[in-house]
Protein chains: 4
Amino acid sequence: MIKNIGSQTSIFNQFLSEIRDHNIQTDSLRFRTNMERLATIMGYEISKTMEYVVKEVTTPLGVAEVPVLKEFPVLATILRAGLPMHRGLLSIFDQSENAFVSAYRKHNKDGSFDVQVEYVSCPKITDRLVILSDPMLATGSSLVLSYNALLTKGRPKHTHIVTLIASTEGLDYIRKYLPADEVTIWVGAVDDELTAQSYIVPGLGDAGDLAFGSKL
Amino acid sequence: MIKNIGSQTSIFNQFLSEIRDHNIQTDSLRFRTNMERLATIMGYEISKTMEYVVKEVTTPLGVAEVPVLKEFPVLATILRAGLPMHRGLLSIFDQSENAFVSAYRKHNKDGSFDVQVEYVSCPKITDRLVILSDPMLATGSSLVLSYNALLTKGRPKHTHIVTLIASTEGLDYIRKYLPADEVTIWVGAVDDELTAQSYIVPGLGDAGDLAFGSKL
Amino acid sequence: MIKNIGSQTSIFNQFLSEIRDHNIQTDSLRFRTNMERLATIMGYEISKTMEYVVKEVTTPLGVAEVPVLKEFPVLATILRAGLPMHRGLLSIFDQSENAFVSAYRKHNKDGSFDVQVEYVSCPKITDRLVILSDPMLATGSSLVLSYNALLTKGRPKHTHIVTLIASTEGLDYIRKYLPADEVTIWVGAVDDELTAQSYIVPGLGDAGDLAFGSKL
Amino acid sequence: MIKNIGSQTSIFNQFLSEIRDHNIQTDSLRFRTNMERLATIMGYEISKTMEYVVKEVTTPLGVAEVPVLKEFPVLATILRAGLPMHRGLLSIFDQSENAFVSAYRKHNKDGSFDVQVEYVSCPKITDRLVILSDPMLATGSSLVLSYNALLTKGRPKHTHIVTLIASTEGLDYIRKYLPADEVTIWVGAVDDELTAQSYIVPGLGDAGDLAFGSKL
C-alpha cells in the first residue's frame, strides 16, 4: 500500500519545494532542517494508524483520560542520507529504540552497481512496529537490501517505509520484492524518470551530499 | 466551527498526556517542548485548509511543479503562556510575520476578575490569515479580549484560534462573542469543568507557570 | 564592567557576521537561529562566573562528584526583539524562571522619543542572579528603563546584561545610569556610531523586524 | 595535548551531571539533548583555536568588519553513540562537511574483544581540520582504530578528538598510539577506573544504549 502525503496540499509541500530547489540547497542547514520537518510530518501521519491505550493521567487539578501510544515504534534509518529524517522521527517518537543500517552502491566498471550492506545496529524487532526511513527511493534496490538486512535481526509485525521522493520504477520494484501485507510505503512525491546513473528526475540530486557534503 | 485534533488518535495525545501529568510537569524543558510539538501538529493540520499555488522549482536535474503556500499566515500569540506554542508554529511557518498580545486577569477584591490588555505588537493583518495561539481556553474572556485587541490593528480575512485545552464553558463563550464565519477554533481536548478561580478541570494547571515559572 | 565576547575570535563572530549581513537577513529563520546561538554562547560564558556546588551523582556503575549550579539565574528579556536570545539562554538554563518586559520608543512630533514600559511578568528576583537580554544597545535608554521596571519587583543580587551589538554612546549611558557593582554588561561587538533615529551603525538594522516582521 | 573542559566550572558540568545520573538517564530525549549541548560547548571552545579572516559585511546601514572562519572543520563521528554529539557540533559548524565511521567491539569467547571497523563515509580530509567525536574514551582502542580508518582517506592538518568522559588508561593509550603534534584531545571529565568489561567507572554506562536503546 502506498500513501502519498504530498498529494494533499499542506505546508509539507512547501518544505518539499525547498529541498528540491537548487538555490535553497546551498544552505545545508536549511536542507537538513527541511528533511527533519518533512519526516516529522510523515511520522505524525503514520502515528494516526498506530494503536493507543487510554491512560489515566493525574493533573494538578484532577484526573484526565488520554490515549497514549500502546508501544513506540522502532526507528530504523539508512546511513548516512537518512540521518536528518531519523532525527525528525525521533523528535516525535522520543522514547523509541533505533536501528541504523548502512548500504552503498558499489559501482562496477561497466557503470552498473551492486548494493553492499555493511553495518546493522538493531534492537529486538520481532513482532514490533518498524519505521524505516530513506530520503530517496530511486531504483529501490538499496531499500530492499536494507529491509532484508533488518530481517536478519527479526521479523517486524509491520514496517512503514518512509521516503521523501520516489520514482515510479522504484515503487514498482518495492511492490515486487517486499511483502505487500507487511509493508506500507509513505512517500512525499512520485517522480517519473530515472537517469542511467539511477538518479530520480526531477528529484533533488544526492540527498546525502546535500545534507552532509560530498564524500570520497 | 470547532475542530478537535485530539479526537483522532495520534501521537498528539501522547504529548497532551505528558503536559497534563503532574509528575512530568516538573521537567519544564519537556513541558515547553511538548507545547511546541502540539502547536506544530496543529499548525500542520491548519495548513491543510490554506491556499497553495503551483511553483516551478529548478532542481539540479530538472524542473518540478510543487504547490507552495500562497501567503504565510500571521502568527499571533498571547503573552507569556503562548510563547512555546508560538515557537512551534513558527518552526513550520518560518516566513511568517508575528504578533504578540499581552492580557492578564486583574483580580478584584470580591474574587471576580477583569481582563486587562497591555501590549500589542502587530504587523498589517487586514485581509490576511491569522493564527492566534493560547494554550488554555478557560472562561474565554481573555481570548475574546485579545482577539478584539488585534482587531484594533485591522480586520483579518480569517482567524484560526489554536488552544490546547478548552472548557465547554469557554467554547460557548467564544461562540457567543466571536463572529462564527471569521473564526475557526482548533482544540486539543475539551474538558467539562471550570473552578471558581477559572481553572479548567482536569486541565493541567497554569500553563504559564509550568513553562516559565511562577510570577509575582 | 564590560565584557566583549566578540573580542576573542571564535565561531561567535561567524554568527555575528551572518546577522549583520543584509543578504543573509532575508532568511528570518536563520536570523532567529543565529540570535539563539549567540545568546547560548554568551550564557555559557556567563555561567563560568556563577557559583557551583559539588553533587554526588549515582551512575549505573558508581558515584561521581560533579559541580552543579548552586542556583539557576532568572532569565529576563525585553519584548519582542529579545525573544530569540531568551530562547537561546533558556536552552542552556533550562530550569530557570523567566521574566518578560515590554518597552517601546514613543516617538514625539519633533523626532525625539520617550521609552514607555508596558508589561512586566516577573518571578521573585530579590537576592537572585538575573540575566537581562536585549539584542541592540543603541541609546541605552530602553535598557535602563527595563532594568528599572524589573527593580520595581525586587532587588537582584547581580544582573548580567546581555546584548549582541552596543553603541559606544549606549555603553556610556548604561555606565552612567546603572550601578556599576550590581551590573555586568556582556556585548558581542561595539559599534561607534548612532544615527539621528537612534540606530546603531553599522549595526544590523532593526532586530525585532528582522526576527518577527515589521509592525504597524 | 589534553584539554579538560570540565575542569573549569560552568554550565557544562550541569549537563555532565545529568547524563551521569541514572535517574535522569531514563529520559532518553534529555540524554540526547545533553550530549548535544555538551558537544556544542566543546565545539565552541575548540573554535577559539581556529583561524579566522576578517570579512567586510554589508549591513542595512553600513559596512562592518567581522572575523569569520577561514575554513569549516570536517566533523567526523563514530557510529552510533557519537551521533548526538555530532548533531551538537553540526549545530554550530553548520557549513561543515561530515564523516561517519562505524567501529564495534567484537567480543571473543574468553571475554576479551577486538575492534572491528565496518563503515567509513568521508569527504576530502587531507590538509583539513577534523573534529572527531566519540562520547566515551574507555580503553582508547576503538578511537585509535577509527582515527586510523579516517587516515586511509587522507591526512588531516590537525584532528581535535572530542570525548565526554575519558578513563586515565584510555588517555594513556591515546597518547601512546596517536601522534602528539597532530592531535588535540578535549575531554569533559577524566575517570580513574575501567572495569574488566572495559566500562569507565563511575562513567555513565553505555552511551549508545542510553541514547538509542539496546541492540541485539
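In the block above lies the structure referred to throughout.
Below is a short write-up of the structure. Numbers given to residues run from 1 along each chain, matching the order in which its sequence is written. Chain letters and ligand numbers both follow the written order, the letters beginning at A and the numbers at 1. Given that this is a predicted model, residues contribute local features only at a pLDDT of at least 70 and side-chain atom pairs are listed and counted only at 80 or more, while totals for whole chains, interfaces and linings are drawn from all residues. Water and hydrogen atoms were dropped before computing side-chain values, which therefore reflect all heavy atoms in the structure.

### Observations regarding the overall build of chain A
Turning to step 1, where the next piece is worked out: Looking only at helices and strands, one finds six helices and 12 strands in chain A.
Turning to step 2, where the next piece is worked out: With the principal axes as the frame, chain A shows a C-alpha extent of 70 × 40 × 30 Å.
Turning to step 3, where the next piece is worked out: Going through the 216 residues of chain A one by one, you find that 65% of them count as buried.
Turning to step 4, where the next piece is worked out: The contact rule is simple, with two residues in contact once any of their heavy atoms fall within 4.5 Å. In chain A, 66% of the contacts between residues at least 6 apart in sequence involve partners at least 24 apart. For helices the rule is a DSSP run of H or I covering at least 4 residues; for strands it is a run of E covering at least 2, with both sets numbered from the N terminus onward. Exposure classes here rest on a 1.4 Å probe applied to the protein chains alone. A residue is buried below 20% of its type maximum, exposed above 50%, and partly exposed in between.

### Examining the pairing of strand 4 (residues 74–79) of chain B
Residue and element names in this part refer to chain B.
Turning to step 1, where the next piece is worked out: The element strand 4 is extensively covered by neighbouring structure, given that six of its six residues are classed as buried.
Turning to step 2, where the next piece is worked out: In short, DSSP must find at least two bridges between two strands for them to pair. In the sheet, strand 4 pairs with strand 7 (residues 129–133) via four bridges, with the strands oriented parallel. Of the residues in strand 7, the one forming a bridge with Ala76 is Leu132.

### Focus on the relation of the copies chain B and chain A
Turning to step 1, where the next piece is worked out: Our superposition of the copies is a least-squares fit, built on the C-alpha atoms of residues whose pLDDT is at least 70 in both. The transform that puts chain B on chain A rotates by 180 degrees and translates by 0.0 Å along the axis, for an RMSD of 0.0 Å. These values place the two chain copies in the arrangement generated by a two-fold rotation axis. The position closest to the rotation axis in chain B is occupied by the C-alpha of B:Ile41, lying 3.9 Å away.
Turning to step 2, where the next piece is worked out: By residue overlap, the copies meet face to face through one surface: 100% of the interface positions of chain B are interface positions in chain A.

### Some thoughts on the interface of chain B and chain A
Turning to step 1, where the next piece is worked out: Across the contact, 48 residues belong to chain B and 48 residues belong to chain A.
Turning to step 2, where the next piece is worked out: Once two parts are joined, some of their accessible surface, as seen by a 1.4 Å probe, is lost; buried area is that loss totalled over both. Of the roughly 3900 Å² buried between chain B and chain A, counting both surfaces, carbon and sulfur atoms make up 63%.
Turning to step 3, where the next piece is worked out: Each salt bridge in this description consists of a side-chain nitrogen of Lys or Arg and a carboxyl oxygen of Asp or Glu lying within 4 Å of one another. Connecting chain B to chain A are six salt bridges.
Turning to step 4, where the next piece is worked out: Taking the shortest distance from any N to any O, the salt bridge between A:Glu45 and B:Lys48 comes out at 2.8 Å.
Turning to step 5, where the next piece is worked out: Contacts described as polar in this section are N or O atom pairs within 3.5 Å, which, within protein, must combine one atom able to donate a hydrogen with one able to accept it, while residues neighboring in sequence count only if both atoms come from side chains. For the pair chain B and chain A, the number of links is 20 residue pairs in polar contact (both at pLDDT 80 or more).
Turning to step 6, where the next piece is worked out: Of all the secondary-structure elements, those providing two or more residues to the side of chain B that touches chain A are helix 1 (11–20), helix 2 (28–47), strand 2 (52–59), strand 3 (62–69), helix 3 (83–92) and strand 12 (200–201) of chain B.

### Thoughts on the environment of B:Asn148
Turning to step 1, where the next piece is worked out: Tracing the sequence through the fold places B:Asn148 in helix 4 (residues 141–151).
Turning to step 2, where the next piece is worked out: Measuring from C-alpha to C-alpha, the distance between B:Asn148 and B:Val117 comes to 9.7 Å, with 31 residues separating the pair along the chain.

### Remarks on the packing of aromatic side chains
All names here are of chain C.
Turning to step 1, where the next piece is worked out: Centres within 6.5 Å make a pair out of two Phe, Tyr or Trp rings, where for Trp the six-membered ring is used; the pair is then stacked when the planes are under 30 degrees apart, edge-to-face when over 60, and tilted otherwise. For the structure shown, the criterion picks out 10 aromatic pairs over all chains.
Turning to step 2, where the next piece is worked out: Judged by centre distance (4.5 Å) and plane angle (45 degrees), the ring pair of Tyr173 and Tyr177 falls under tilted. One end of the pair, Tyr173, and the other, Tyr177, are both in helix 5 (residues 168–177), four residues apart, so they sit about a helical turn from each other.

### Structural notes on the packing of helix 4 (residues 141–151) of chain D against helix 5 (residues 168–177) of chain D
Residues and elements named next belong to chain D.
Turning to step 1, where the next piece is worked out: Under this scheme, a helix contributes an axis fitted over its contacting stretch, all axes are lines through C-alpha atoms, and angles between N-to-C directions fall in the 0 to 180 degree range. At a minimum axis separation of 9 Å, helix 4 and helix 5 run at an interaxial angle of 30 degrees. The angle between helix 4 and helix 5 places the two elements in the roughly parallel class. Here helix 4 and helix 5 pass one another in a crossing that is right-handed. Residue-level inspection shows Ser141, Leu143 and Val144 of helix 4 in contact with helix 5, the latter providing Tyr173, Ile174 and Tyr177.
Turning to step 2, where the next piece is worked out: When grouped by side-chain class, the residues that make up the contact of helix 4 with helix 5 number five nonpolar, one polar and no charged. Roughly parallel refers to an angle under 35 degrees, roughly antiparallel to one over 145, roughly perpendicular to one between 65 and 115, and oblique to any angle outside these ranges. If you view the pair so one helix is near and one far, a crossing is left-handed when the near helix is turned anticlockwise from the far one by less than a right angle, and right-handed when it is turned clockwise. Polar here means any residue other than Ala, Val, Leu, Ile, Met, Phe, Trp, Tyr, Cys and Pro, which are nonpolar, and Asp, Glu, Lys and Arg, which are charged; Gly is therefore polar.

### Some remarks on the interface of chain A and chain D
Turning to step 1, where the next piece is worked out: Chain A puts 30 residues into the contact, and the matching count from chain D is 30 residues.
Turning to step 2, where the next piece is worked out: Of the roughly 2500 Å² buried where chain A meets chain D, counting both sides, 52% is carbon and sulfur surface.
Turning to step 3, where the next piece is worked out: Summed over the three residues of chain A that lose the most area to chain D, namely A:Tyr119, A:Phe212 and A:Leu216, the buried surface amounts to 23% of that side.
Turning to step 4, where the next piece is worked out: Our enumeration of links across chain A and chain D arrives at two salt bridges.
Turning to step 5, where the next piece is worked out: Here D:Glu36 ties to A:Arg87 by a salt bridge, and the two come within 2.4 Å at their closest N and O atoms.
Turning to step 6, where the next piece is worked out: Inspection of the region where chain A meets chain D yields 12 residue pairs in polar contact (both at pLDDT 80 or more).
Turning to step 7, where the next piece is worked out: Residue assignment for the side of chain A that touches chain D shows that the elements contributing at least two residues are helix 2 (28–47), helix 3 (83–92), strand 5 (98–107), strand 6 (113–121) and helix 6 (207–212) of chain A.

### A short note on the side chain of B:Asn13
Turning to step 1, where the next piece is worked out: Tracing the chain through its elements places B:Asn13 in helix 1.
Turning to step 2, where the next piece is worked out: The class of B:Asn13 is buried, set by a relative accessible area of 2%.

### Brief notes about the pairing of strand 10 (residues 183–191) of chain B
Residue and element names in this part refer to chain B.
Turning to step 1, where the next piece is worked out: Where burial is concerned, most of strand 10 is hidden: eight out of the nine residues are buried.
Turning to step 2, where the next piece is worked out: Two strands pair when backbone bridges link them, and strand 1 (residues 2–4) and strand 10 are joined in this way by three bridges, in the parallel orientation. Paired with Lys3 across the bridge in strand 10 is Trp186.
Turning to step 3, where the next piece is worked out: In this sheet, strand 10 lies alongside strand 9 (residues 158–167) in parallel orientation, the contact comprising eight bridges. The residue bridging Ile165 from the neighbouring strand is Ala189, located in strand 10.

### Observations concerning unusual backbone geometry
Phi is mostly negative for residues that are not glycine, and the peptide bonds are mostly trans.
Turning to step 1, where the next piece is worked out: Residue B:Pro202 is reached from B:Val201 by a cis peptide bond, and omega for that bond is 0 degrees.
Turning to step 2, where the next piece is worked out: A cis amide bond links D:Leu79 to the next residue, D:Arg80, at an omega of -15 degrees.
Turning to step 3, where the next piece is worked out: Counting through the fold element by element, D:Arg80 comes out in the loop between strand 4 (74–79) and helix 3 (83–92).
Turning to step 4, where the next piece is worked out: The residue C:Asp127 is not glycine, and still its phi comes out positive at about 65 degrees.
Turning to step 5, where the next piece is worked out: The residue C:Asp127 is located in the loop between strand 6 (113–121) and strand 7 (129–133) in this model.

### Thoughts on the side chain of D:His160
All names here are of chain D.
Turning to step 1, where the next piece is worked out: Structurally, His160 can be placed in strand 9 (residues 158–167).
Turning to step 2, where the next piece is worked out: On the accessibility criterion, His160 (5% relative accessible area) is buried.
Turning to step 3, where the next piece is worked out: Only 2.9 Å separates the side chain of His160 from the side chain of Trp186, close enough to count as a polar contact.
Turning to step 4, where the next piece is worked out: Excluding residues within four positions of it along the chain, His160 makes contact with Ile46, Thr49, Leu129, Val130, Ile131, Leu132, Thr184 and Trp186.

### Some details on the pattern of salt bridges
Pairing between side chains becomes possible if they bear opposite charge and their charged atoms approach one another.
Turning to step 1, where the next piece is worked out: For the structure on display, the rule yields 60 salt bridges over all chains.
Turning to step 2, where the next piece is worked out: Across the pair B:Asp94 and A:Arg37 runs a salt bridge, and its minimum N-O distance is 2.7 Å. On the criterion of chain membership, the pair formed by B:Asp94 in the loop between helix 3 and strand 5 (98–107) and A:Arg37 in helix 2 is interchain, its members lying in two chains. Of the two residues, B:Asp94 and A:Arg37, both sit in the buried class.
Turning to step 3, where the next piece is worked out: Between D:Glu97 and D:Arg128 there is a salt bridge, with the nearest N and O atoms lying 2.7 Å from each other. With D:Glu97 in the loop between helix 3 and strand 5 (98–107) and D:Arg128 in the loop between strand 6 (113–121) and strand 7 (129–133), this pair connects stretches of sequence that are 31 residues apart.

### What about the packing of helix 2 of chain B against helix 3 of chain B?
Residues and elements named next belong to chain B.
Turning to step 1, where the next piece is worked out: In contact at an axis separation of 7 Å, helix 2 and helix 3 are set at 45 degrees when each is read in the N-to-C sense. The orientation of helix 2 relative to helix 3 falls into the category oblique. As helix 2 runs across helix 3, the sense of the crossing is right-handed. Within the contact between the two elements, helix 2 uses Arg32, Met35, Glu36, Ala39, Thr40, Gly43 and Tyr44 and helix 3 uses Pro84, Met85, Arg87, Gly88, Leu89, Ser91 and Ile92.

### A few points about helix 2 of chain B
Turning to step 1, where the next piece is worked out: Any helix carries an expected span of 1.5 Å times its number of residues minus one. With 20 residues, helix 2 of chain B extends 28 Å between its outermost C-alpha atoms, agreeing within 8% with the 28 Å of an ideal straight helix rising 1.5 Å per residue.
Turning to step 2, where the next piece is worked out: By the N-cap criterion, in which a side-chain oxygen at the helix start approaches the backbone nitrogen of a residue two or three places on, helix 2 of chain B is capped by B:Asp27, the distance to B:Leu29 being 3.2 Å.

### Notes on helix 5 of chain D
Working note: α-helix, 3.6 residues per turn, so residues spaced by three or four point in the same direction.
Residues and elements named next belong to chain D.
Turning to step 1, where the next piece is worked out: The complete set of buried residues in helix 5 reads Gly170, Leu171 and Ile174. One side of helix 5 carries all its buried residues, which in axial view fall inside an arc of 100 degrees.
Turning to step 2, where the next piece is worked out: Residues of helix 5 that are buried sit in contact with strand 1 (2–4), strand 8 (136–137), helix 4, strand 9 and strand 10 (183–191). To be clear, the arc concerns the directions from the helix axis to the C-beta atoms.

### A look at the environment of C:Leu137
All names here are of chain C.
Turning to step 1, where the next piece is worked out: If you trace the backbone, Leu137 turns up in strand 8 (residues 136–137).
Turning to step 2, where the next piece is worked out: For the pair formed by Leu137 and Ser7, sequence separation is 130 residues and the distance between their alpha carbons is 17 Å.
Turning to step 3, where the next piece is worked out: Residue contacts for Leu137: discarding those within four places in its chain leaves Leu143, Thr163, Ile165, Ala166, Ser167, Gly170, Leu171, Ile174 and Ile200.

### Description of the environment of D:Asn4
Residue and element names in this part refer to chain D.
Turning to step 1, where the next piece is worked out: Of note, Asn4 is situated in strand 1.
Turning to step 2, where the next piece is worked out: Judged by relative accessible area, which is 27%, Asn4 ranks as partly exposed.
Turning to step 3, where the next piece is worked out: For the pair formed by Asn4 and Thr163, sequence separation is 159 residues and the distance between their alpha carbons is 9.9 Å.
Turning to step 4, where the next piece is worked out: With near-sequence residues (within four places) excluded, Asn4 lies in contact with Val187, Gly188, Ala189 and Val190.

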